[in-house]
Amino acid sequence: MTEHATRESWSKLRMTVGAGVVAAVTGTALLAGTPAQATPPGPGVSGRILSQYTVAGTDYILREITVPAGQSTGWHWHQGVLYGWVKQGTLSHFDSACESDGVYPRGSFIQEPKGADHVHIGINRGRVPVVLEVLYVLPAGAPLSVDAPNPGCSFQ
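Every value quoted in this text rests on a predicted model; they were computed, and no experiment measured them.

> Explain the pattern of salt bridges to me, and be specific about the residues and the numbers.
Any two side chains of opposite charge can pair, given that their charged atoms come close. In this structure the tally under the stated criterion is three salt bridges. Across the pair Arg48 and Glu64 runs a salt bridge whose closest N-O atoms are separated by 3.3 Å. Residue Arg48 is located in strand β1 (residues 46-55), and its partner Glu64 is located in strand β2 (residues 58-67); the two are separated by 16 residues in the primary sequence. Here Glu133 and Lys87 are joined by a salt bridge, their closest N and O atoms 3.4 Å apart. Taken together, the residues span a long stretch of sequence, with Glu133 in strand β9 (residues 130-139) and Lys87 in strand β4 (residues 81-88) at a distance of 46 residues. Accessibility expressed as a relative area gives 30% for Lys87, which makes it partly exposed. Residues participating in the shared-partner salt-bridge network are Arg48, Glu64, Lys87 and Glu133.

Written out as structure tokens, the structure is:
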């Protein structure tokens, strides 16, 4: 798939999900609360909520996340499924066995499963910030992430 086709697909997904959620909620948006942070995120790691809606007990939150060069998200897990697209940079992703479960360059899609048995960390090993657009599909009121201790990996 070309980069243009990938961006077009992500754009269509965003519009489809956004339109469906907006229609289902009849335009009622939730106020953005303070998200739970990973343990510990690196200096300068930031997130910005682009949109947030609740439909039938499920929160749909679209967020842009920036991970500066050499930093990480910290160890964490989610109570729902996440779908992400790498807008810039390359994200290295590791599971609780300290094994790489993916390297995601610009234009890649990533999915993170739900549950405490899916502890993970994202690391920017590059020289430019990693910028992600992430769609969180969570139980209503759940935090964006749940802190987790380092499972014993030497790199964090």
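> Mind laying out the packing of aromatic side chains, listing which residues take part and the relevant values?
On inspection of all chains with the given rule, the structure shows two aromatic pairs. Ring centres 6.2 Å apart and planes at 35 degrees place the aromatic pair Trp75 and Phe155 in the tilted group. With a gap of 80 residues between them, Trp75 in the loop between β2 and β3 (76-77) and Phe155 in the segment after β10 (146-147) connect regions that are remote in the sequence. Classification of Phe155 as partly exposed rests on a relative accessible area of 27%. Three or more aromatic residues joined by ring pairs make a cluster, and in this case those are Trp75, Phe94 and Phe155.

> Summarise the nonpolar core; cite the residues concerned and give the values.
Counting residues in each nonpolar core, the largest one holds 15 residues, and the members touching the most others are Ile65, Leu91, Leu132, Val134, Tyr136 and Leu138. Those elements that place two or more of their residues in this core are β2, β4 and β9. Tallying contributions element by element places β9 first for this core, with five residues. Once residues lying within four places of it in the same chain are set aside, the contact partners of Leu132 are Arg63, Glu64, Ile65, Trp85, Val86 and Leu91. Core analysis: the second largest hydrophobic core is formed by eight residues, Phe94, Val119, Ile121 and Cys153 among them.

What counts and how
- Residues numbered from 1 in each chain as written.
- Predicted model: local features only at pLDDT ≥ 70, side-chain atom pairs only at ≥ 80, totals over all residues.
- Heavy atoms only, no water.
- Salt bridge = Lys/Arg side-chain N within 4 Å of Asp/Glu carboxyl O.
- Helix = DSSP H or I, 4+ residues; strand = E, 2+ residues; numbered from the N terminus.
- Buried < 20%, exposed > 50% of the residue type's maximum accessible area, 1.4 Å probe, protein only.
- Phe/Tyr/Trp six-rings, centres within 6.5 Å; stacked < 30°, edge-to-face > 60°.
- Core = buried A, V, L, I, M, F, W, Y, C linked by side-chain atoms within 4.5 Å.
- Contact = heavy atoms within 4.5 Å.

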